[in-house]
Amino acid sequence: REQNRLLLAAGHAPAYPEAPLEGPELEPVRRALDLVLEGHEPNPAVAMDRHWNMVKSNRPMEALITEYGDIDESLLEPPVNILRAGLHPQGLAPALVNLNRWKQHFLDRLERQVAVSGDAELAKLLEEVRSYPVADDEESGDTAGYGPLGVLKVRAPDGRELSFFGMFAIFDTPFEVTASELAIEMMFPADAETAEMLRTLAAED
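Residues numbered from 1 in each chain as written. Predicted model: local features only at pLDDT ≥ 70, side-chain atom pairs only at ≥ 80, totals over all residues. Heavy atoms only, no water.

Could you clarify how one ought to interpret the nonpolar core in this entry?
One recurring pattern in soluble globular proteins is that nonpolar side chains are buried together. In terms of nonpolar packing, the biggest core is built from 37 residues, with Trp52, Tyr68, Leu83, Leu87, Leu110, Val129 and Val154 touching the most fellow members. Not counting residues up to four positions away in its chain, the partners in contact with Val129 are Leu83, Leu87, Lys103, Leu107 and Leu110. Of all hydrophobic cores here, the second largest spans 12 residues; its members include Leu26, Leu37, Ala47 and Met186. (Core = buried A, V, L, I, M, F, W, Y, C linked by side-chain atoms within 4.5 Å. Buried < 20%, exposed > 50% of the residue type's maximum accessible area, 1.4 Å probe, protein only. Contact = heavy atoms within 4.5 Å.)

How should I be thinking about the confidence of the model for the protein in this particular structure?
Residues of the protein with pLDDT of at least 70 account for 90%, and the chain-wide mean is 87. Contacts from residues 140–145, a stretch scored under 50 in pLDDT, to residues over four places away or in other chains number four contacts. (pLDDT = per-residue confidence, 0-100.)

For this particular structure, what's the right way to read unusual backbone geometry?
Trans peptide bonds make up most of the peptide bonds, and negative phi angles are found at most residues other than glycine. Across the junction of Glu41 and Pro42, the peptide omega takes the value 15°, indicating a cis bond. Residues Pro78 and Pro79 are joined by a peptide bond in cis, for which omega reads -5°. Residue placement: Pro79 occurs in the loop between helix H3 (59–67) and helix H4 (82–87). (Helix = DSSP H or I, 4+ residues; strand = E, 2+ residues; numbered from the N terminus.)

What's the story with the pattern of salt bridges in this structure? I'm lost.
Side-chain pairing between opposite charges can occur once the charged atoms of the two side chains come close. Scanning all chains against the criterion turns up 11 salt bridges. A salt bridge links Arg31 to Glu27; the nearest nitrogen and oxygen atoms lie 3.3 Å apart. Taken together, the residues span about one helical turn, with Arg31 and Glu27 both in helix H2 (residues 27–39) at a distance of four residues. Arg160 is the partner of Asp158 in a salt bridge, and the nearest nitrogen-oxygen pair spans 2.9 Å. On the basis of relative accessibility, which here comes to 38%, the residue Arg160 falls in the partly exposed class. Beyond isolated ion pairs, a larger network of salt bridges with shared partners links Arg50, Asp119 and Glu181. (Salt bridge = Lys/Arg side-chain N within 4 Å of Asp/Glu carboxyl O.)

How should the environment of Pro42 be read in this particular structure?
Among the secondary structure elements, Pro42 is positioned in the loop between H2 and strand E1 (45–48). Exposure remark for Pro42: the relative accessible area of 25% places this residue in the partly exposed category. Along the primary structure Pro42 and Met197 are separated by 155 residues, whereas in three dimensions their C-alpha atoms are 9.6 Å apart. Here Pro42 is in contact with Pro60, Leu198, Arg199 and Ala202, once residues within four sequence places are set aside.

Structure representation (structure tokens):
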């Protein structure tokens, strides 16, 4: 997108096409997203666009969003923004045991995106997420106890904690704007108890 913008500003034609994700040109991309999301079950995964809006998600991610947090319905109206639904005080934030750590993690990622792209919508999202309140009772200090990958801790309705680490995936060498901006966030259980809870949740579906 940025290269196209520079070319247009210089009076040249854009180098890369841009097609809607729902269009026939990107049917292989949609199939690939479905394959990864479904294949990742019973673990949660979500595909998103450049503005962190949900494009697709699998059933465990939907269950995590709807069953493990009392999320305000306005945050679930399409397009669902992953950062807003996850970090807003009326979203999943109250269920995140280590909210402050993860809020800062995503702020850092957003800041880098804004610096590279200059995208006004991302800049607006950055300021919004910055304004969300922090958790007063979260443990402080370094990351000891969070493992080499960093762990997201989610408090289940019954009081137990689910622990996850994540993997971020993008398409390799895309030559189309929409595909180049898609990403998949895949969450993996960080302990045996979380893995068992996810298997139980999948069996109930």
